[in-house]
Amino acid sequence: MAQFNITITEELLHGLFLSNGRDEAFSKLLEEIFNQVLLAQSSEQIGAEPYERAEERTAYRNGFRDRQMTTRVGTLTLRVPRHRNGQFSTELFARYQRSEQALVLAMMEMVINGVSTRKVETITQELCGKTFSKSTVSALCKKLDPIVHAFRTRPLESHYPFLIVDALYLKVREDHRVQSRGLLIAVGVNEEGYREIIGFQVANTETESSWGELFESLKERGLKDVHLITSDNHRGLVNAARRHFQGATWQRCQTHFSRNMLDHTPKALQPEIKEDLRQLYEAIDLDSARRVREQLVDKYETKAPKAATLLDEAFDDVTAVLAIPLKYRKRLRTTNGVERLNQEVRRRERVIRIFPNEASVIRLMGALLMEQDEKWQAGRKYFDMDLYYRSMDNKEAKDSNSAA
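Computed from a predicted model, the values in this text were never measured in an experiment. (Residues numbered from 1 in each chain as written. Predicted model: local features only at pLDDT ≥ 70, side-chain atom pairs only at ≥ 80, totals over all residues. Heavy atoms only, no water.)

1. Focus: the overall build of the chain
Here comes step 1: Broken down by element type, the chain carries 15 helices and eight strands.
Here comes step 2: In the chain, which comprises 404 residues, the proportion classed as buried is 47%.
Here comes step 3: A separation of at least 24 residues holds for 65% of the contacts in the chain among residues at least 6 apart in sequence.
Here comes step 4: For the chain, the exposed area adds up to about 22200 Å²; of that, 47% sits on carbon and sulfur atoms. (Helix = DSSP H or I, 4+ residues; strand = E, 2+ residues; numbered from the N terminus. Buried < 20%, exposed > 50% of the residue type's maximum accessible area, 1.4 Å probe, protein only. Contact = heavy atoms within 4.5 Å. Areas by Shrake-Rupley, 256 points an atom, 1.4 Å probe, with all protein chains shown as cover.)

2. Things to note about helix α6 (residues 208-220)
Here comes step 1: When the terminal C-alpha atoms of α6 are compared, their 18 Å separation across 13 residues agrees well with the 18 Å that a helix rising 1.5 Å per residue should span.
Here comes step 2: When α6 is considered as a whole, its buried residues turn out to be Ser210, Trp211, Gly212, Leu214, Phe215 and Leu218.
Here comes step 3: In this fold, the buried residues of α6 make contact with β3 (162-174), β4 (177-189), β5 (195-203) and α7 (235-244).
Here comes step 4: Positioned one or two residues after α6, Gly222 has a phi angle of 125°, which is positive. (Expected span 1.5 Å × (residues − 1).)

3. Considering the packing of helix α13 (residues 336-352) against helix α14 (residues 358-378)
Here comes step 1: Remark: α13 packs on α14, axes separated minimally by 11 Å, with the N-to-C direction vectors making an angle of 145°. Crossing angle aside, the handedness with which α13 passes α14 is right-handed. For the pair α13 and α14, contact is made by Leu341, Val345, Arg348 and Ile352 and by Leu364, Met365, Leu368, Leu369, Glu371, Gln372 and Trp376, respectively.
Here comes step 2: Looking at the contact of α13 with α14 residue by residue, the classes come out as eight nonpolar, one polar and two charged. (Axes fitted to C-alpha atoms, helices over the stretch in contact; angles between N-to-C directions. Left-handed = near helix turned anticlockwise from the far one by under 90°. Nonpolar A, V, L, I, M, F, W, Y, C, P; charged D, E, K, R; others polar.)

4. Examining empty space enclosed by the protein
Which parts of space are left empty comes out when a probe the size of a water molecule is rolled across the atoms.
Here comes step 1: According to the stated counting rule, one finds one cavity of 30 Å³ or more in the structure shown.
Here comes step 2: For the largest cavity, the calculated volume is near 30 Å³.
Here comes step 3: Forming the boundary of the largest cavity are Met261, Ile273, Leu296, Val297, Tyr300, Ala307, Ala308 and Leu311.
Here comes step 4: Listed by contribution, the elements that provide at least two residues to the lining of the largest cavity are α10 (286-300) and α11 (305-318). (1 Å grid on protein atoms, 1.4 Å probe; cavity = no way out; pocket = protein on both sides within 12 Å on 5 of 7 lines; lining within 4 Å. Points joined across faces, edges and corners; volume = space filled by probe spheres on them.)

5. Quick notes on the pairing of β4
Here comes step 1: When you tally the buried positions in β4, you get 10 out of 13 residues, the bulk of the element.
Here comes step 2: Bridging between β3 and β4 involves 13 bridges; their strand directions are antiparallel. Counterpart to Asp166 in the pairing with β4 is Ile185.
Here comes step 3: Where β3 hands over to β4, the hairpin turn is made up of two residues, of which Asp175 adopts a positive phi near 55°. (Pairing = 2+ DSSP bridges.)

6. Let's talk about the side chain of Asp373
Here comes step 1: Among the structural elements, Asp373 can be located in helix α14.
Here comes step 2: Arg154 provides the closest opposite charge to the buried, salt-bridge-free Asp373, at an N-O distance of 4.2 Å.
Here comes step 3: Setting aside chain neighbours within four positions, we find Asp373 in contact with Phe151, Arg154, Arg195, Glu196 and Ile197. (Lys, Arg positive; Asp, Glu negative; His and termini not counted. Salt bridge = Lys/Arg side-chain N within 4 Å of Asp/Glu carboxyl O.)

7. Let's talk about helix α9 (residues 270-281)
Here comes step 1: Over its 12 residues, α9 extends 16 Å from the first C-alpha to the last, a length consistent with the 16 Å expected when each residue adds 1.5 Å.
Here comes step 2: Where α9 is buried, its residues meet α8 (254-263), α10 and α11.

8. Topic: the environment of Gly47
Here comes step 1: With respect to the helices and strands, Gly47 occurs in the loop between α2 (22-46) and β1 (61-71).
Here comes step 2: Overall, Gly47 belongs to the partly exposed group, its relative accessible area being 28%.
Here comes step 3: For the pair Gly47 and Thr58, spaced 11 residues apart in sequence, the C-alpha separation works out to 6.3 Å.
Here comes step 4: When sequence neighbours within four positions are dropped, the list of residues in contact with Gly47 reads Ala54, Glu56 and Arg57.

9. Brief notes about the pairing of β5
Here comes step 1: For β5, the tally of buried residues reaches nine of nine residues, placing the bulk of the element in the interior.
Here comes step 2: Two strands pair when backbone bridges link them, and β4 and β5 are joined in this way by eight bridges, in the antiparallel orientation. Within β5, the position partnered with Val187 by the bridge is Ile197.
Here comes step 3: Counting the residues in the hairpin turn of β4 and β5 gives five residues, including Gly193, whose phi is positive at 95°.

Keep in mind these values describe shape, not function.
In structure tokens, the structure reads:
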């Protein structure tokens, strides 16, 4: 593993703790860290440290070239290593600046389109220590938009047995009015056990038609043989999922269902029914879940009749996850994984507050979702899928024997 040597001077250390010099100090610290990363990548690609004699050496160093990276804490001057064979490469700039560019673009477009009365020079100077012209904004858009478009439309060549879908709402200026727009997000778990953001779309409303458009685009790109779809109980979403993925099982998010149950329960009984629902969710099989359901319906049909009726009606959808092996159930019985993703989206969206147009939503949200997707691909597997595929093979074998 690469070792980084970061030198922090007394002046820099003081600056990190002083409010009036914190941004400048953090900028210098970030610059030092990034330069150390570039040096480590250079040594890794060459196969030797500076002045080291090593049989694994593949090239020699040939000095540095300066390159500037614009961030929200200032413009960093980075010393990019050069190799005599000309083969040094790094993804540092592209990966870091993708979301930075999208954020700056959205903020600048707000000003350019008259959303704010502040000047472009002022806001961009405060954001990243540099001013941008309209032609610069246009050039940045041309670089970023095709990357996001390619991510949104890439072929789905893997098998995605599990699909988790959710939506969140953003404010977008359109026709001189601020309107609410839904950002529909689809997360799939692929055959190797990694999560992927396989699709997203901006929609006027969360209707069956809008969800249907997203699902249809996923199918056109190669999505098929979905086994389990997890979502909340939005009627348009559920209807679209059942129409476009016939044969797939729909799992109603248990977290959302618990909230629905509490809304139909007297306040004094809410802690008790919340605990009782946990017994239902942790049932080991469908027979056990049915016994718990009968107990809860009997217990609450007088004290909380609406909640008891809701439980009886929604039972099959809430316990659909019991049809898959136990080790996969906890993460697939709710949309909590997507909710955490939504929180990260919200963190950036609060900086913008009102997007100047739909294109800026696609640009910024697309860049953020791409970064999250890359983190998932480079991180730990979400699931070990071997057990799932073995269980599916056994099920098919049993079905064949029964048919024979």
